[in-house]
Amino acid sequence: MKLFEKVRSKTLLREMEQAETYEQWAGLAAAWDAQNGMEDWKQTDASDSYDYLGIRQRLDRLRELRSKGEYHDLLFDLNEGIHGNIGGMGKPSMYNKAKFGTKDLITEFIEETCGALKDLDEVDDSIISLEEKQDFFLRASHCFGRSALMLSGGAVLGFFHAGVLKALFDQGLLPEIISGSSAGSILAATACTHVDEELEHRLSLDSLHHEIEETSAIRPALSFFGNPRPKMDAENLTQYLAKIIPDLTFQEAFELTGRKLNITVTGLERRQAPRLLNTVTSPNVLIRSAVMASCAIYGIYPPVTLMCRNAHGETVPYLPDMKWIDGSFADDLPAKRLARLFGVNHFISSMTNPAALAITPDPDAPPTALRAIINYQANLIKSTTAEAMKFGRDNIRIKSPVINLMQHLAYGVLRQEYTADINIFLRNRWDHPVRLLAAPSREAMDRLLYEGERSTWEKIEMVRNCTAISRTLDEIIHRRGWEK
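Being a predicted model, the structure only gives us computed values, none of them experimental.

**With respect to the overall build of the protein**
Along the backbone of the protein there are 21 helices and nine strands. Total accessible area on the protein is roughly 22800 Å²; 54% of this is exposed by carbon and sulfur atoms.

Put into structure tokens, the structure is as follows:
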């Protein structure tokens, strides 16, 4: 019998790898859980990884107050108890044991909290006044925070992000706040400049690959065997972006879609601080120019002057004395800036940056003694190398401005944090450097899009649970027109 169970488990895992939809994958994952005793684990509250006693007590209290219609007491309890990751229920360790979902207690608590919020929204104003409701929901939203999706750089591997976006969009889980750097900026801009009715088509293999074939936008950048002209042409990328990204400013894109686009760019000069471009910091900057700058890999694409639309509707240079390059050098995943500008306190990352993947272990992987040792060594090497680069940058004078800039950029890559609350990592971390800058075949792009979807399916229920309360709060505030 045990042999049969092992064979069945392996068959289910193999079928999960070949699933064509999330619904198909989820059914297989649930079957694997049932086959391997995970249903008992889900139905049992107890675990050392989270405060199950506190969450059970809160859940029972919410159920009692809702059943009795004691809305003032419910309002009091939610005032005290709305904050993210209550009792550690959002930890990766709560989601990497079973293939599908987590403890039933966690799911039930989140559903009950969302139901209680909807009850308070719908209760008659004679019981709880509109002013009290507005005050509560605005404060609760501010305290609980919101989620953002961050798309890393990664050259051609960035098409993985299209699969991530599609998987989240299909489940109604795409955050309103999205950042992108380098290749990630192309997909982030695509998501934030198209309304929902257009987005699914724009993220499809047919659309993305057709536009590449039309423009030959991405080609090997390095020149070998005496070829006098590099094959990567900035004009080709300009043409490609014109086909997939409308001619919009950050403010115009927000007004069109309601999504807040953020694009990181790195200053060409060391004195220039990196920028996070968005509707708050640079509302009139044209998105295409921001994407061009964020994709300007140093030494391959020329640096870019940002462009904006002035008060007369004319296209003019923005900060004309400054030029910008690849955003991933300085701030691939701009978590701190998103937190400051938009009140984000929960981050989802889609990581395809080869340099980052080489030095960043997957923090969501199930813990083992060997993995802990490997992670410690990787972090030690990263921090030691970063400090050595910083010392050289600050204390060793080199006359070559190119070498100085490269040293500064290398330090920028090493000093960054490349993990988030939920991490969606490209599994195939290695590829030939030139192939990363080559136009992908239709088959290669299809594989990247599918891997993006497939990797996201593993995180869908974690995303759903960890964002459910903030999505409920945002939906109520948006519908009521209470946005500040």
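Next comes the rest of the account.
**Quick notes on the pattern of salt bridges**
Tallied over the entire structure, the rule returns 29 salt bridges. Asp60 serves as the salt-bridge partner of Arg56, at 3.7 Å between the closest nitrogen and oxygen. Of this pair, Arg56 and Asp60 both sit in helix α4 (residues 52–68), four residues apart, roughly one helical turn. Classification of Arg56 as partly exposed rests on a relative accessible area of 24%. Residue classification places Asp60 among the partly exposed positions, given a relative accessible area of 39%.

**Looking at the side chain of Ser470**
Looking at where Ser470 falls in the secondary structure, it is placed in helix α21 (residues 460–480). On the basis of relative accessible area, Ser470 is assigned to the buried category, the value being 4%. Residue contacts for Ser470: discarding those within four places in its chain leaves Phe144, Gly145 and Arg146.

**Comments concerning the pairing of strand β9 (residues 422–425)**
Burial along β9 is two-sided: Ile422 and Ile424 and Asn423 and Phe425, pointing in opposite directions, are all buried. Across four bridges, strand β8 (residues 344–351) lies against β9 in parallel orientation. What sits directly across from Ser350, in β9, is Ile424.

**A short note on the pairing of strand β2 (residues 177–180)**
Side chains of β2 alternate between two faces, with Ile177 and Ser179 and Ile178 and Gly180 buried alike. Relative to β2, strand β1 (residues 146–151) is paired through four bridges, and the arrangement is parallel. The residue bridging Met150 from the neighbouring strand is Ser179, located in β2. A crossover links β1 with its parallel partner β2, the connecting element being helix α8 (residues 160–170), and its sense is right-handed. Pairing between β2 and strand β3 (residues 260–267): four bridges, direction parallel. By the bridge assignment for β3, Ile177 is matched with Lys260.

**Thoughts on the environment of Ala335**
Relative to the helices and strands, Ala335 resides in helix α16 (residues 335–342). The class of Ala335 is partly exposed, set by a relative accessible area of 23%. For the pair Ala335 and His346, spaced 11 residues apart in sequence, the C-alpha to C-alpha distance is 9.0 Å. Ignoring sequence-local partners within four residues, the contact set of Ala335 consists of Met150 and Phe347.

**Looking at the side chain of Arg309**
With respect to the helices and strands, the residue Arg309 is situated in strand β5 (residues 307–309). A polar atom in the side chain of Arg309 sits 3.2 Å from the backbone oxygen of Asp247. For Arg309, the side chain forms a polar contact with the side chain of Glu252, separated by 2.9 Å. Other than its neighbours up to four places away in sequence, Arg309 contacts Asp247, Leu248, Thr249, Glu252, Asn284, Leu286, Glu314 and Thr315.

**Considerations on unusual backbone geometry**
The phi dihedral of Ser182 falls on the positive side, at around 50 degrees, and the residue is not glycine. Turning to its location among the elements, Ser182 is positioned in the loop between β2 and α9 (183–192). If you check the backbone angles, Leu319 has positive phi at about 50 degrees while not being a glycine. The topology assignment puts Leu319 in the loop between β6 (315–317) and β7 (324–325).

**Some words on the packing of aromatic side chains**
In this structure the tally under the stated criterion is five aromatic pairs. The interplanar angle of 20 degrees and the centroid separation of 6.0 Å between the aromatic rings of Tyr22 and Trp25 together place this pair among those described as stacked. Taken together, the residues Tyr22 and Trp25, both in helix α2 (residues 22–35) and three residues apart, mark about one turn of the helix. Each member of the pair, Tyr22 together with Trp25, is buried. Above the plane of the ring of Trp32 lies Lys99, whose end atom (NZ or CZ) is 5.1 Å from the centre.

**Let's talk about α8**
The buried fraction of α8 amounts to nine of the 11 residues, a majority that puts the element mostly inside the structure. Positive phi appears at Gly172, one or two residues downstream of α8, with a value of about 70 degrees.

**Quick word on the UniProt feature "active site" (unreviewed entry) in the protein**
Mapped onto this numbering, the UniProt entry annotates "active site" (unreviewed entry) at Ser182 and Asp326. These annotated residues cover 145 residues of sequence, and their C-alpha atoms all fall within 5.6 Å of one another, placing them together at a single site. Residue Ser182 is classed as buried on the basis of its relative accessible area of 6%. Look past the residues within four positions of Ser182 in its chain and what remains in contact with it is Gly153, Ser294, Cys295, Asp326, Gly327 and Ser328. Mapped onto the elements, Asp326 comes out in the loop between β7 and α15 (328–331). Ignoring sequence-local partners within four residues, the contact set of Asp326 consists of Ser182, Thr266, Ala293, Ser294, Ala296 and Ile297.

**Looking at helix α7 (residues 130–144)**
Across its 15 residues, α7 extends 21 Å between first and last C-alpha, which sits within 8% of the 21 Å expected from 1.5 Å per residue. Within α7, burial applies to Lys133, Phe136, Phe137, Leu138, Ala140, Ser141 and Phe144. Of the residues flanking the end of α7, it is Gly145, one or two places downstream, whose phi is positive at about 85 degrees.

Calculation notes
Residues numbered from 1 in each chain as written. Predicted model: local features only at pLDDT ≥ 70, side-chain atom pairs only at ≥ 80, totals over all residues. Heavy atoms only, no water. Helix = DSSP H or I, 4+ residues; strand = E, 2+ residues; numbered from the N terminus. Areas by Shrake-Rupley, 256 points an atom, 1.4 Å probe, with all protein chains shown as cover. Salt bridge = Lys/Arg side-chain N within 4 Å of Asp/Glu carboxyl O. Buried < 20%, exposed > 50% of the residue type's maximum accessible area, 1.4 Å probe, protein only. Contact = heavy atoms within 4.5 Å. Pairing = 2+ DSSP bridges. Right-handed = clockwise from strand over helix to strand, strands pointing away. Polar contact = N/O pair within 3.5 Å; in protein donor to acceptor, adjacent residues only side chain to side chain. Phe/Tyr/Trp six-rings, centres within 6.5 Å; stacked < 30°, edge-to-face > 60°. Lys NZ or Arg CZ within 6 Å of the ring centre and 35° of its normal. UniProt positions renumbered as here; feature names shortened; annotations may be inferred. Expected span 1.5 Å × (residues − 1).

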